Each structure stands twice: as structure tokens, then as C-alpha cells.
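Coordinate analysis (summary)
Spelled out from the first residue to the last, the chains are:
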Amino acid sequence: YFWDKLVKKHKDELSVVKEYFERTKVVFNNIESDAEKHAEFIYLNTSGTEDDQASLAEFAEEKGYELYETLALMKSNHLLMTISMLYHIWEQQLIKFCIKELSNDIKFEKKSLEYSDVKNIFEIHGIKIEEKKSWKKLRELKALVNTIKHGDGDSANKLRKIRPDFFKIDFL
């Protein structure tokens, strides 16, 4: 549907997201060690009597665990936000393409298009997006992104039906 140079441009835009994800995810490589160091720092830098050492150790361990939970959540959200960003960049690429092409022939407010309009524009031009092999995955991705953004709701319910594995938590 797009000429080769435009496809390359769009792929390059999306690869920037991957590059920055790869560069930033390393912050979360050692969260267990970071939490242990935090607990040790608290233990070594909090004063107390010898009788308080067991309580202090327990307190420091609890603070280390709290930091680990926070860092684990941040690590997870880092991945989820990257997924969301990739989807939104892709969606905006399609919208911008349609705006640019339509602007050649008609005048309209450039901020007036949404993804549903893009789908209709493609269909008017003989491209039935819903019949493409990728459609199922695109709907799955949209439900995932909306679940990431909005939490439990309609999109999460749709996603549970098509990808229940996304909602299984493995504690072992």
C-alpha cells in the first residue's frame, strides 16, 4: 500500500522506539541486587542498640522488599508503555499518511481524522483491512494498549477472551 521509501521511513521511526527501549531497559537488569543493597544500606546506616539489631534487620529487609516491588512494577510498566508507544506511533503513521494524501485533493481540518476514519478511507480505496491476515493481531494489540492505558474495562474483557494467557500470573 505504501511506496518502499515510505515503508522504510515508517520502519525507521518504529526502530527508534526499540532502540530507546533497549538502551533504557538495562536500568532494570539488577533489581534484586539493587533492593539488597538498599536493605544493607538501611541496616548499616541506621543507629540502634544491640538489642534492636534483629528489629533493625527485619526493618531493613522489609524496605529492601518494598523497593524490589516498586522496581519490578517499574520494569513491567516500562515494557507496557513501550508496547503502547509502538502502537500509537503506528496508528499515527496511518493517520498522517491519509491526511497527507487527502490534502492533495480536499481541504479539511488535519486533526479531524481518527483511526476508524483511516480504516474507512482504506476501504473506500479497495483495501479491506479487516480481511487482512494482520487484522486479528491488530485488534489484539489495540485491546492490549487500551487495557494498558485504562486498566480493567471493556478492552480488558475483550483481551481476556482472545488472550487469557496475558492475565495469568505465574508466582513460581
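Residues numbered from 1 in each chain as written. Predicted model: local features only at pLDDT ≥ 70, side-chain atom pairs only at ≥ 80, totals over all residues. Heavy atoms only, no water.

**Some details on the pattern of salt bridges**
In this structure the tally under the stated criterion is 11 salt bridges. In this structure, Lys25 engages Glu22 in a salt bridge whose closest nitrogen and oxygen atoms are separated by 3.2 Å. Linking Lys25 with Glu22, this pair stays in helix H1 (residues 4-25), spanning three residues, or about one helical turn. Look at Lys25 and you get partly exposed, because its relative accessible area is 31%. (Salt bridge = Lys/Arg side-chain N within 4 Å of Asp/Glu carboxyl O. Helix = DSSP H or I, 4+ residues; strand = E, 2+ residues; numbered from the N terminus. Buried < 20%, exposed > 50% of the residue type's maximum accessible area, 1.4 Å probe, protein only.)

**Some remarks on the confidence of the model for the protein**
When pLDDT is averaged along the protein, the result is 88; 95% of the residues meet or exceed 70. Per-element mean pLDDT across the protein ranges from 87 in helix H4 (residues 115-124) up to 96 in helix H2 (residues 31-44). (pLDDT = per-residue confidence, 0-100.)

**Topic: the nonpolar core**
A general trend in soluble globular proteins is that nonpolar side chains are found buried together. Core analysis: the biggest nonpolar cluster contains 15 residues, and Cys98, Leu113, Tyr115, Val118, Phe122 and Ile129 have the highest contact counts within it. If you list the elements that add at least two residues to this core, you get helix H3 (53-103), H4 and helix H5 (135-150). If one sorts the elements of this core by residue count, H3 sits on top with five residues. (Core = buried A, V, L, I, M, F, W, Y, C linked by side-chain atoms within 4.5 Å.)

**Here we look at the packing of H2 against H3**
Running from N to C, H2 and H3 cross one another at 150 degrees; their axes reach a closest spacing of 8 Å. Between H2 and H3, the angle falls in the class roughly antiparallel. The hand of the H2/H3 crossing is right-handed. In contact with Ile31, Glu32, Asp34, Ala35, His38, Ala39, Ile42 and Tyr43 of H2, H3 contributes Gln53, Leu56, Ala57, Phe59, Ala60, Glu61, Lys63, Gly64, Leu67, Tyr68, Leu71 and Ala72. Looking at the contact of H2 with H3, its residues break down into 13 nonpolar, three polar and four charged. (Axes fitted to C-alpha atoms, helices over the stretch in contact; angles between N-to-C directions. Parallel < 35°, antiparallel > 145°, perpendicular 65-115°, else oblique. Left-handed = near helix turned anticlockwise from the far one by under 90°. Contact = heavy atoms within 4.5 Å. Nonpolar A, V, L, I, M, F, W, Y, C, P; charged D, E, K, R; others polar.)

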